[in-house]
Amino acid sequence: MPEPARPRKTVADYGDEHVQAILAVRRLQGENRLTLAQIKAIIGGEATERRVEASAFDQLGQLVAHRVGEDGPPVMIASLLDRWPHAAQDARTLASIGILDIIETKQGDALSITCAQLVRIWGHMR
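Keep in mind it's a predicted model, so treat the numbers as computed, not measured.

Student: Give me the overall build of the protein: which residues, what numbers.
Tutor: A count of helical and extended segments in the protein gives five helices and five strands. Listed by position from the N terminus, the elements making up the protein come as β-β-α-α-α-β-α-β-β-α. Counting across all 126 residues of the protein, residues that qualify as buried make up 34%. Taking contacts inside the protein between residues at least 6 apart in sequence as the whole, the part at least 24 apart equals 56%.

What follows is the structure in structure tokens.
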């Protein structure tokens, strides 16, 4: 979860992004029977023993976006291939079903930081 605004030492202001993140976690727990530890591991790009259904990607994408904050410069898909050899294929597949967008650059295809993290998660789940 992103840090809340803290106007005073003992006050924290939580916004809509916090509510949405909590709802996403609850859906992952209820619909996919994931524990908080498993959700944290998946968002961190770690492998998990538990199979995660494709329907979980909307919630995972939302949580990854909250985790990384604003997306920075695009991540080149080619930079993912050493660790995740199927990253290009996975990115095209996930793009074809509307889960992420591929950014065409002069240097080659790229992903937002959030989308790159989703490809990493998918690679770990392979």
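We are not done yet, so read on.
Student: Run through the pairing of strand 5 (residues 108–111), naming residues and quoting values.
Tutor: Bridge count for strand 3 (residues 75–76) against strand 5 is two bridges, and the pairing is antiparallel. When the sheet's bridge partners are listed, M76 is paired in strand 5 with A110. Here strand 4 (residues 103–105) pairs with strand 5 via three bridges, running antiparallel. Opposite I103, over in strand 5, you have A110 as the bridge partner. Hairpin geometry of strand 4 and strand 5 is characterised by an intervening segment of two residues between the two adjacent antiparallel strands.

Student: Provide a residue-level description of the environment of R120, including the pertinent values.
Tutor: Here R120 is to be found in helix 5 (residues 113–125). C-alpha of R120 to C-alpha of L80: the two residues are 40 residues apart in sequence and 8.0 Å apart in space. The contacts of R120, once residues within four sequence positions are left out, are V75, L80 and W84.

Student: Describe the environment of M76, naming the residues involved and giving the relevant values.
Tutor: Considering the arrangement of structural elements, one finds M76 in strand 3. Distance from M76 to I103, taken between C-alpha atoms, is 9.0 Å for residues 27 residues apart in sequence.

Student: Quick rundown of the nonpolar core? Include the residues and the values.
Tutor: Within the largest apolar cluster, twelve residues are counted, these being V75, I77, L80, W84, A87, A91, L94, L100, L111, C115, A116 and V119. Secondary-structure elements contributing two or more residues to this core are helix 4 (87–96) and helix 5.

Student: Give me the lowdown on helix 5, citing residues and values where you can.
Tutor: Compared with an ideal rise of 1.5 Å per residue, which puts 13 residues at 18 Å, helix 5 spans 18 Å between its outermost C-alpha atoms and is within 8% of the ideal. Among the residues of helix 5, T114, C115, A116, Q117, L118, V119, I121 and G123 are the ones counted as buried. A distance of 3.1 Å separates the backbone nitrogen of C115 from a side-chain oxygen at the start of helix 5, and that oxygen is part of S112.

Student: Run through the pairing of strand 1 (residues 5–8), naming residues and quoting values.
Tutor: Looking at chain direction, strand 1 and strand 2 (residues 11–13) are connected through two bridges and run antiparallel. From the neighbouring strand, A5 faces strand 2, where its bridge partner is D13. As consecutive antiparallel partners, strand 1 and strand 2 are separated by two residues.

Student: Run through the side chain of D90, naming residues and quoting values.
Tutor: Along the chain, D90 falls in helix 4. Not counting chain neighbours up to four residues away, the residues in contact with D90 comprise W122, G123 and R126.

What counts, and where the lines are drawn
- Residues numbered from 1 in each chain as written.
- Predicted model: local features only at pLDDT ≥ 70, side-chain atom pairs only at ≥ 80, totals over all residues.
- Heavy atoms only, no water.
- Helix = DSSP H or I, 4+ residues; strand = E, 2+ residues; numbered from the N terminus.
- Buried < 20%, exposed > 50% of the residue type's maximum accessible area, 1.4 Å probe, protein only.
- Contact = heavy atoms within 4.5 Å.
- Pairing = 2+ DSSP bridges.
- Core = buried A, V, L, I, M, F, W, Y, C linked by side-chain atoms within 4.5 Å.
- Expected span 1.5 Å × (residues − 1).
- Polar contact = N/O pair within 3.5 Å; in protein donor to acceptor, adjacent residues only side chain to side chain.

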